[in-house]
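The chain contents come next:
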Amino acid sequence: VKIAVCVKHVPSGRVRFHPETLRIDRTGPGELNAFDKYPLEAAARLAEADGHEVVAVSVGAPAAEETLRTALSLGADRAVLVSDPAAAGSDLVATARLLAAALAGEAPDLALFGQQSSDGGGAALWAAVAEMLRVPFVSQASELTIDGSTLRVRRETEYGDDFIEAPLPAVVAVSDAINEPRYASLKGRMAAKKKPLVVLTAAELGLDVTAVGDAGSPSEVLAAGTPPTRTGRVTLDDEATAAASILEYLVDRELV
Amino acid sequence: VKVLVVVEHDAGAYTKGSLGVLSRAAALDGADEVAAVVAGAGPLDTVGAEAGRHGATTVYVAADASLEPALPQPRVDVLEQVVRAGAFDSVFFCNSVLGADTAAGLAARLGAGLNWDLVDVEVRDGALVGKKPALSDSVLFDVGWRGGPSLALFRSGSFEPSPIGGEARIEPVPFTSSPHSQLARVTKQERRADEGASIEDAEVVVAGGVGLGSAEGFELAEELAGAVGGAVGATRAAVYKGWYPHHAQVGQTGKTVSPRLYIALGISGAVQHKVGMQNAKVIVAINKDPNAPIFEFSDLAVVGDVHTVVPALIALLRARPGAGSVPERPGA
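Definitions and limits used
- Residues numbered from 1 in each chain as written.
- Chains lettered and ligands numbered in written order.
- Predicted model: local features only at pLDDT ≥ 70, side-chain atom pairs only at ≥ 80, totals over all residues.
- Heavy atoms only, no water.
- Helix = DSSP H or I, 4+ residues; strand = E, 2+ residues; numbered from the N terminus.
- Rg over C-alpha atoms; globule rule 2.2 N^0.38 Å.
- Buried < 20%, exposed > 50% of the residue type's maximum accessible area, 1.4 Å probe, protein only.
- Contact = heavy atoms within 4.5 Å.
- Buried area = accessible area lost by both parts, 1.4 Å probe.
- Salt bridge = Lys/Arg side-chain N within 4 Å of Asp/Glu carboxyl O.
- Polar contact = N/O pair within 3.5 Å; in protein donor to acceptor, adjacent residues only side chain to side chain.
- Nonpolar A, V, L, I, M, F, W, Y, C, P; charged D, E, K, R; others polar.
- Pairing = 2+ DSSP bridges.
- Axes fitted to C-alpha atoms, helices over the stretch in contact; angles between N-to-C directions.
- Parallel < 35°, antiparallel > 145°, perpendicular 65-115°, else oblique.
- Left-handed = near helix turned anticlockwise from the far one by under 90°.
- Core = buried A, V, L, I, M, F, W, Y, C linked by side-chain atoms within 4.5 Å.

A.B. asks: Help me understand the overall build of chain B in this model?
C.D. replies: Check the secondary structure of chain B and you find eight helices and 18 strands. Taken against the 2.2 N^0.38 rule, which gives 20 Å for 332 residues, the C-alpha radius of gyration of chain B at 21 Å falls within 12% of a compact globule. Projecting the C-alpha coordinates of chain B onto the three principal axes gives extents of approximately 60 × 40 × 40 Å. Buried positions account for 59% of the 332 residues belonging to chain B. For chain B, restricting intrachain contacts to residue pairs at least 6 apart in sequence, the fraction spanning at least 24 positions comes to 63%.

A.B. asks: When you look at the interface of chain A and chain B in this model, what are you seeing that I'm missing?
C.D. replies: It is common to report an interface's size as the accessible area lost on association of the parts. Facing 74 residues of chain A, the contacting portion of chain B comprises 85 residues. Of the roughly 7,000 Å² buried between chain A and chain B on both sides combined, carbon and sulfur atoms contribute 57%. Taken together, chain A and chain B are joined by six salt bridges. With a closest N to O distance of 3.5 Å, Glu190 of chain B and Arg154 of chain A form a salt bridge. Across the contact surface, chain A and chain B share 32 residue pairs in polar contact (both at pLDDT 80 or more). Elements that contribute at least two residues to the side of chain A that touches chain B include exactly helix 3 (92-106), helix 4 (125-133), strand 7 (137-147), strand 8 (150-156), strand 9 (160-167), strand 12 (219-225), strand 13 (234-236) and helix 6 (239-252) of chain A. When residues in the side of chain A that touches chain B are grouped by element, the largest group, nine residues, is from helix 6 of chain A. Residues belonging to the side of chain A that touches chain B are distributed by class as follows: 40 nonpolar, 16 polar and 18 charged. Taken together, the six bridges between strand 12 of chain A and strand 10 (residues 139-145) of chain B define a ladder with antiparallel strand orientation. Bridging from a neighbouring strand, Ala224 of chain A pairs with Phe141 of chain B of strand 10 of chain B.

A.B. asks: Looking at this structure, I do not really get the sheet that holds strand 7 (residues 113-118) of chain B. What am I missing?
C.D. replies: In a beta sheet, neighbouring strands are held together by backbone hydrogen bonds and run either parallel or antiparallel to one another. All names here are of chain B. Pairing is parallel in the open sheet, where seven strands are placed in the order 7-11-6-1-4-5-12. Strand pairing shows two members of the sheet lacking a second neighbour, strand 7 and strand 12 (169-172), which therefore form its edges. Sheet twist, expressed as the average angle between the axes of neighbouring strands with direction ignored, equals 25°. In the sheet, strand 6 (residues 90-94) pairs with strand 11 (residues 150-154) via five bridges, with the strands oriented parallel. Note on strand 11: the bridge partner recorded for Phe93 is Leu153. Seen against the sheet, helix 4 (residues 97-110) touches strand 6, strand 7 and strand 11 and runs at an angle of roughly 155° to strand 6.

A.B. asks: Any chance you could explain the packing of helix 3 of chain A against helix 4 of chain A here in plain terms?
C.D. replies: How two helices pack is summed up by the angle between their axes together with the distance between the axes. Residues and elements named next belong to chain A. Put simply, helix 3 and helix 4 touch, their axes get as near as 9 Å, and they point 55° apart. Here helix 3 is positioned oblique relative to helix 4, judged by the angle of their axes. You can see that helix 3 and helix 4 cross each other, and the crossing is right-handed. For the pair helix 3 and helix 4, the contacting residues are Leu92, Val93, Thr95, Ala96, Arg97, Leu99, Ala100, Leu103 and Ala104 in the first and Leu125, Ala128, Val129, Met132 and Leu133 in the second. Considered class by class, the residues forming the contact of helix 3 with helix 4 number twelve nonpolar, one polar and one charged.

A.B. asks: I keep staring at the nonpolar core and nothing clicks. Help me out?
C.D. replies: Inside soluble globular proteins, nonpolar side chains tend to come together where they are buried. Counting 63 residues, the largest nonpolar core has Phe113 of chain A together with Leu4 and Leu114 of chain B as the members making the most contacts within it. Examining the composition of this core, we find that nine residues originate from one element, helix 3 of chain A, more than from any other.

A.B. asks: I'm lost on the pattern of salt bridges in this one. Help?
C.D. replies: Where charged atoms from two side chains of opposite charge approach closely, those side chains can pair. Within the structure shown, the criterion is met by 34 salt bridges over all chains. For Arg155 of chain A, the salt bridge identified is with Asp162 of chain A, shortest N-O distance 2.6 Å. With its nearest N and O atoms 3.2 Å apart, the salt bridge here joins Arg84 of chain B to Glu80 of chain B. Within this pair, Arg84 of chain B and its partner Glu80 of chain B are both found in helix 3 (residues 72-86), separated by four residues, close to a single helical turn. Connected through salt bridges with shared partners, the residues Glu131 and Arg134 of chain A together with Asp77, Glu80, Arg84 and Arg109 of chain B form a single ionic network.

A.B. asks: So what exactly am I meant to see when it comes to the sheet that holds strand 10 of chain B here?
C.D. replies: Across the sheet, which stays open at both edges, the four strands sit in the order 12(A)-10(B)-9(B)-8(B) with antiparallel pairing between neighbours. Each of the sheet's edge strands pairs with one partner strand only, and the pair in question is strand 12 of chain A together with strand 8 (120-124) of chain B. With direction set aside, neighbouring strand axes in the sheet form an average angle of 30°. Sheet analysis places strand 8 of chain B next to strand 9 (residues 127-134) of chain B, joined by five bridges and oriented antiparallel. Paired with Val121 of chain B across the strands is Gly130 of chain B, a residue of strand 9 of chain B.

So this is what it looks like as structure tokens:
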């Protein structure tokens, strides 16, 4: 079984927008999206148990190579970076096209995602990618097992847990309840430097440049403004009378 | 614009969030037509009538056994069909696990733009413009769509449902499915004991953080929730310590809630938590640290120890006349 883990290179620390392009400023230092450590850990555990191959895949600027090295230090065997100046500014659909093309080339039995990215991107990128690959997908996976060619997932929803089965190949987005990700060991970091990493352009994936980047994106950011803020705060700092004051506040506003 | 609103329901009862989105669409200046679509195992008559009362003129109903489990892919099939047949140029969703997955799947299917985490929308020169907060809500972007249908996924709790008393034409949708949409199947469902009491739909949420001190500390949150008729939420940090179940987690990696009243007990107010509850109408925070960030976005900031203030508050609430008749969960 071959497992692909899709990872994202996100800005370290505070996310900023470029005032003119209104895109996320990606010129500063970056790192592996913290939520992507969970699918990496899930893949590493499956691989340790059954000898699966794990490929880390990312779409991003050349600096995303650093994030893929981190992924390699956390158990991935090799890495694929889709990087192309023409792909800059790709929205959800355009990014999904790039990622789906890269995954189609790898043909993994299972493609894993983290549940979100810390830079606010990708509402549900996995769903778009799975749709383009025409394979089943499950999100919010809190448990994941492979049984022959069948995938078994426990999914958390607002109402309870669903137990889902699907044939491979499939796409799964795992929640941060699935495991406790490991830290990269010194040995892991050393080994990561020697593991293979290839960089591919959109054209090498067979994609027309008009289908990716800003040109291929059916959504856009138009302008930035200032949101309204909460006003009229009341502060209570006398612990002895606080309870009575809270009750009065709630009763006045018909909240109880 | 011609708007199709995707309305979610749980066992035949609409989610408050999706009815709110429908109400917003019905009140949208520049909307020429507002229809709703609902999918499930059926019968969905009451669901259809409810959509009519909230402003839909037509309700497309896809009733099929394979739509019973809350899986997104068969819903993408339904939506593609309705969007194409009805020539809708805009599709609105309320955010949820199912809503987000379905919206992104439909975006890929149609090659359409999806803007998410929207808090409002307007029609400008005949085109839809979305309002999207970013950077911990310090900036509000105007976002747009090019070509294809405009898919909009709204932040949960952005709008209140407001019935306007209309009646909808019910249009059955014959369900046809793509082969790959039928491959995932639900083999078992475990409903939580507090069935239906999704904190996302609760009118009052009492949430606890690390300041409650222990798993036992959450009994305080539960008692207060009982006294004010609310549901209990928890921060990620408290959930990670094993003090409260994950399904009650409010925040970036949990639920987004927008109750009338949010009471935060011993919660510092990390961004991770803030994004899940900042839409609450009134926020009351109790924390002994006067510098806790949560006070910056609270309406009532109470500096004090939760273990002193909360028991006193519970006693006062219980001593009120008629306190015994407060329903457990008015939001359910």
